[in-house]
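Survey of secondary and tertiary structure
Each chain, written out:
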Amino acid sequence: MNPMRTIASAKRVLLQLKHDPRSMALIIVAPCLLMTILKFVYWSQPHVFQNVAGSLLGVFPMLVMFLITSVATLRERTSGTLERVLISPVSKFEFIFGYALAFGIASAVQAVIVSTYAIGPLGLKVVGSQGGLIFIAILDALLGLALGLFVSSFAKTEFQAIQFLPIVLLPQLLLSGLLAPRASMPRILEVISNFLPLSYAVDATKKVLIGQGSILNDVAIIAFFLIFLLGVGSLTLRRTSD
Amino acid sequence: MSSAISITDLTVIREGTTILHEFDLEVQAGKILGLLGPSGSGKTTIMRSVVGLQRLTGGSIKILGRPAGDKSLRTRISYSTQDASIYRDLTCIENIDYFAALQGHASSSTDEILELVDLGKNGKQLAATLSGGERARLALATALVGAPEILVLDEPTVGLDPLLRRDLWSLFHRFTNEGKTLLVSSHMMEEADHCDELVLLRDGAILSKGSPSELRNEAGLENMDAVFISLVEKR
């Protein structure tokens, strides 16, 4: 591992984001807007807002980073820049960690702003620490990155890459405990949800919200998924092709 | 003279189509070898094989004594693709700095490299807003960073104005004077005279090879296009 090359890759990815202010704004503004809509949808049921908005804090980063990563890596593949990077002295892991570092920073910024907005103007009650929420958000963003990297190898066009969102993320969203507590779902769905990483992100976020229970197990499980998915994702970065 | 690039029995079959069949090629160190041939003659496949991007069906390639794609070659060989593989959402300077950083080089010579390809005034411009020819030059510039001993350049002079083309060829000759080896492709026969050695390609096979004057003498023709046509018709 050469940290300089990882940092150079991270810097390059952040510069690309910097040149695209509209995407940057969307990363921040879209979650805030959705939170605001939720606030009004559940105006007469504040406890539901508390539950759904809280869980959503753990969902946004994954959703956004999944989309950004699948499109960004697909672009690297189709523009030929990925090949040029792979024949340079950079290792696959330095390259992936560069992305992880850049998107980790971007999602941290997103999490700070969105959670501050939800806690302040929208009155979301957080008993635990906001820092805990942000930490989970970053892990979650990295999950999105790993999944995006993985699926981008199955897509030939950006259009196809976007189509993976409903297949890969929506089932996780439905089963994550966002809509109904996982324990209240039919047993089979609960078992399936146990194998989906987003479930643990939502669990951990809920625990921080009510300030009860340890998130250590959830974090460990997310970290396991993360390492596994990044490993699988890195296999899709092949130097030689037909 | 020693070979910088040595290709033996290279066979590449892609989706059932044979692109190259038992292809042999030697590139002498410190020389410019031009791969000339029409589009689809296998030039890009040869270059991708040399830099280690192509999955080979058979044969072997040695670069500076090491197998193509070997880790030890990563800083010693550079590759510029035909369709400008650069980051369009970065500026010229940012593109060059990134590829320099990957090679482990400081970015102090960025301005100098931009001047070499006549993009000195475009440093802060986004690559997406460059013209096609400017993008091609930027891609070339990103292949010049670091200190590669072998440059593999796929159609580096396409779409450039004659003045700039002349400047680039004199730059390439300066490189060979420094001991670098260049493998350059072109589909334009008039580029032939800039190369020390030529390989005329068609459908993945070598029509002929030699220095520009040797090829002319062999065919008894002056115009390189005519040489190519006579070689094809002789078959």
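Residues numbered from 1 in each chain as written. Chains lettered and ligands numbered in written order. Predicted model: local features only at pLDDT ≥ 70, side-chain atom pairs only at ≥ 80, totals over all residues.

Observations concerning the nonpolar core
Selection criterion: To form a nonpolar core, buried Ala, Val, Leu, Ile, Met, Phe, Trp, Tyr and Cys residues must be joined through C-beta atoms within 7 Å. Three classes are used. A residue is buried when 20 or more other C-beta atoms lie within 10 Å of its own, exposed when 12 or fewer do, and partly exposed in between, with C-beta atoms placed from the backbone. Counting from the N terminus, the helices are DSSP H or I runs at least four residues long and the strands are E runs at least two residues long. Working definition of a contact: two residues with C-beta atoms, positioned from the backbone, lying within 7 Å.
Counting 136 residues, the largest nonpolar core has V50(B), V152(B) and L183(B) as its most contacted members. The element contributing the most residues to this core is helix α7 (residues 130-152) of chain A, with 15 residues. Discounting chain neighbours no more than four positions away, the residues touching V152(B) are M47(B), V50(B), V51(B), I77(B), Y79(B) and L183(B).

What about the interface of chain B and chain A?
Using the following cut-off: Residues are grouped as follows: Ala, Val, Leu, Ile, Met, Phe, Trp, Tyr, Cys and Pro are nonpolar; Asp, Glu, Lys and Arg are charged; every other residue, Gly included, is polar.
With 25 residues of chain B in contact, the opposing surface of chain A contributes 22 residues. Sort the elements by how many residues they give to the side of chain B that touches chain A and helix α2 (residues 92-102) of chain B lands first, with 4 residues. Of the residues that constitute the side of chain B that touches chain A, the class distribution is 10 nonpolar, 8 polar and 7 charged.

A few points about α2(B)
Within α2(B), 10 of the 11 residues are buried, leaving the element largely enclosed by the surrounding structure. By the burial criterion, the buried members of α2(B) are C92(B), E94(B), N95(B), I96(B), D97(B), Y98(B), F99(B), A100(B), A101(B) and L102(B). Structurally, α2(B) contributes buried residues whose contacts are with α1 (3-18) and α5 (81-86) of chain A together with α3 (110-116) and α4 (132-144) of chain B. Note on α2(B): the residue one or two positions beyond its end, G104(B), has a positive phi of about 80°.

Let's talk about the sheet that holds strand β4 (residues 58-63) of chain B
Rules: In this scheme, strands are said to pair when DSSP sees at least two bridges between them.
Taken in spatial order, the 4 strands line up as β2-β1-β4-β5 (chain B) in an open sheet, and their pairing is antiparallel. Pairing within the sheet leaves two strands with one partner each, and these edge strands are β2 (17-28) and β5 (66-67) of chain B.

Comments concerning the packing of helix α4 (residues 60-79) of chain A against α7(A)
Residue and element names in this part refer to chain A. Spelled out, the test is: In this description, a line fitted to the C-alpha atoms serves as the axis of each element, helices being fitted only across the stretch in contact, and the angle between N-to-C directions of two axes falls anywhere from 0 to 180 degrees. In a left-handed crossing the near helix is turned counterclockwise from the far helix by less than a right angle, and in a right-handed crossing that turn is clockwise.
Two elements in contact, α4 and α7, have axes separated by 7 Å at closest approach and are oriented at 35°. Both α4 and α7 take part in a crossing whose hand is right-handed. Only A137, D140, A141, L143, G144, L145, L147, G148, L149, V151 and S152 of α7 make contact with α4, whose side of the interface consists of P61, M62, L63, V64, M65, F66, T69, S70, T73 and L74. In the contact of α4 with α7, the residues fall into 14 nonpolar, 6 polar and 1 charged.

Section: helix α1 (residues 43-51) of chain B
Residue and element names in this part refer to chain B. α1 sits mainly inside the fold: 7 of its 9 residues count as buried. Here α1 has its buried residues at K43, I46, M47, R48, S49, V50 and V51. One or two residues past the end of α1 sits G52, with phi positive at roughly 90°.

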